[in-house]
Amino acid sequence: MTDTTTPERFALYPAIDLRRGRCVRLEKGRADHETVYGDDPLAVARGFAEAGAEWIHVVDLDAAFGDGGNRPLIQSVAAGVGAKVQTGGGLRTEADLAEVLDAGVARAVIGTAAIENPELVRRAVERWGPERIAVGLDARGRRPAARGWTEESGADLFDLARSLVDLGVRTIIHTDIERDGMMMGPNLDLSAELAAHAGAEVIVSGGMRGMEDVLTVAAAARDGRGIAGAIIGKAIYEGALDVAAAVRAVR
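Below or above, wherever it landed, is the structure these notes cover. Just so it is clear, the structure is predicted and the values come from calculations on it, not from any experiment.

Parameters at a glance
- Residues numbered from 1 in each chain as written.
- Predicted model: local features only at pLDDT ≥ 70, side-chain atom pairs only at ≥ 80, totals over all residues.
- Heavy atoms only, no water.
- Helix = DSSP H or I, 4+ residues; strand = E, 2+ residues; numbered from the N terminus.
- Areas by Shrake-Rupley, 256 points an atom, 1.4 Å probe, with all protein chains shown as cover.
- Lys, Arg positive; Asp, Glu negative; His and termini not counted.
- Charge placed at Lys NZ, Arg CZ, Asp CG, Glu CD.
- Buried < 20%, exposed > 50% of the residue type's maximum accessible area, 1.4 Å probe, protein only.
- Pairing = 2+ DSSP bridges.
- Right-handed = clockwise from strand over helix to strand, strands pointing away.
- Contact = heavy atoms within 4.5 Å.
- 1 Å grid on protein atoms, 1.4 Å probe; cavity = no way out; pocket = protein on both sides within 12 Å on 5 of 7 lines; lining within 4 Å.
- Points joined across faces, edges and corners; volume = space filled by probe spheres on them.
- Nonpolar A, V, L, I, M, F, W, Y, C, P; charged D, E, K, R; others polar.
- Axes fitted to C-alpha atoms, helices over the stretch in contact; angles between N-to-C directions.
- Parallel < 35°, antiparallel > 145°, perpendicular 65-115°, else oblique.
- Left-handed = near helix turned anticlockwise from the far one by under 90°.
- Core = buried A, V, L, I, M, F, W, Y, C linked by side-chain atoms within 4.5 Å.
- Phe/Tyr/Trp six-rings, centres within 6.5 Å; stacked < 30°, edge-to-face > 60°.
- Lys NZ or Arg CZ within 6 Å of the ring centre and 35° of its normal.

Some remarks on the overall build of the protein chain
Next, step 1: Across its full length, the protein chain holds eleven helices and twelve strands.
Next, step 2: For the C-alpha atoms alone, the extent of the protein chain along its principal axes is close to 40 × 40 × 30 Å.
Next, step 3: Accessible surface, the protein chain as shown: approximately 10000 Å² in total, 45% of it carbon and sulfur.
Next, step 4: Once the 29 positive and 38 negative side-chain charges of the protein chain are each reduced to a mean point, those two points are 1 Å apart.

Thoughts on the pairing of strand β5 (residues 84-88)
Next, step 1: Where burial is concerned, most of β5 is hidden: four out of the five residues are buried.
Next, step 2: Across five bridges, strand β4 (residues 55-60) lies against β5 in parallel orientation. The residue of β5 that forms the bridge with W55 is K84.
Next, step 3: With three bridges joining them, β5 and strand β6 (residues 107-110) adopt parallel strand pairing. Each residue of the ladder has a partner; that of T87, found in β6, is A108.
Next, step 4: One crossover worth recording links β5 to the parallel β6 by way of helix α4 (residues 94-101), and it is right-handed.

Structural notes on α4
Next, step 1: D96, L97, A98, V100 and L101 are the residues of α4 that are buried.
Next, step 2: Of the surrounding elements, those touching the buried residues of α4 are α3 (71-80), β5, β6, α6 (118-128) and β7 (133-140).

What to know about empty space enclosed by the protein
Summary: where empty space remains is shown by rolling a probe the size of a single water molecule over the atoms.
Next, step 1: Counting across every chain of the model gives four cavities of 30 Å³ or more.
Next, step 2: In this structure, the second largest cavity spans a volume of roughly 110 Å³.
Next, step 3: Across the lining of the second largest cavity, the residue classes tally to seven nonpolar, one polar and three charged.

Section: the packing of helix α1 (residues 41-50) against α3
Next, step 1: At a closest axis distance of 10 Å, the pairing of α1 and α3 adopts a crossing angle of 30 degrees. By the angle class used here, α1 and α3 are roughly parallel. Once α1 is placed against α3, the crossing between them reads as right-handed. Here P41, L42, A45 and R46 of α1 come into contact with α3, specifically with L73, S76, V77 and G80.
Next, step 2: For the contact of α1 with α3, the per-class residue count stands at five nonpolar, two polar and one charged.

Here's the deal with the nonpolar core
Next, step 1: Counting 70 residues, the largest nonpolar core has I16, V81, L97, I172 and I227 as its most contacted members.
Next, step 2: Leaving out residues up to four positions away in the same chain, V81 has contacts with L42, A45, R46, A49 and I56.
Next, step 3: Membership of the second largest hydrophobic core comes to eleven residues, among which are Y13, W55, A106 and I231.

Structural notes on the environment of I74
Next, step 1: Examined against the element boundaries, I74 turns out to sit in helix α3.
Next, step 2: With 56 residues separating them in the primary sequence, I74 and L18 have C-alpha atoms 8.9 Å apart.

Comments concerning the packing of aromatic side chains
Next, step 1: Following the criterion strictly, the structure yields three aromatic pairs and no others.
Next, step 2: Pairing F48 with Y237 gives two aromatic rings, centres 6.3 Å apart and planes at 65 degrees, and the pair type is edge-to-face. Pair noted here: F48 is in helix α1 and Y237 is in helix α10 (residues 234-237), with a separation of 189 residues, a long-range link. Grouping residues by exposure puts F48 and Y237 together as buried.
Next, step 3: When the ring centre of F158 is taken as origin, the NZ or CZ atom of R142, which lies over that ring, is 3.9 Å away.

Purely geometric numbers; function is a separate question.
Below, the structure written as structure tokens:
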């Protein structure tokens, strides 16, 4: 495939990963490698919005791991900040999607269910439209993983992505598991290859280190490589990236 979509606008997505109601970051998705960065996710989200972020990416790690959930908190974030919220983690039924989308979340991210139940993806896009539904494909190389990254699907990343685009998906969040939370640079080339093969807009996730990576990924978007945005987590919390400066740099 070569019909890469050219995004209308590149966006940064400061990330909030929720576990037991707190802001945390994991290394390579491992629950036993957790760092807590704050006890007030709503305040963190408001800070991102005040810094100029148009989007905030919120992940419900408890729901992803099948260990409870943080939906009331996510709904509070969606209602209480001046930015659009994109959220994923444990969204595995149409009722799950309705719960967050009807509460003001701008975009829901289907992860495990996109692999295990593609029909849900088709119904979701039909019901809410492709602008409010994204698919999260988390992978080690071209090997997608599911259920909080604890299981490999056996599918090929590119083929899986194309099959989901055929169901109406237009936005894919590609997370390189081996780079997530490691601040070792994003796997931009693989994300761009994924966009080209699938014909989708791809949001890059995993490994972002700071402003240099932000500018590199934004340049790829301008060059028509199918990159729609970048999710940034640990670099912000570790002080390696200032959200306001990054937002200004890509506008």
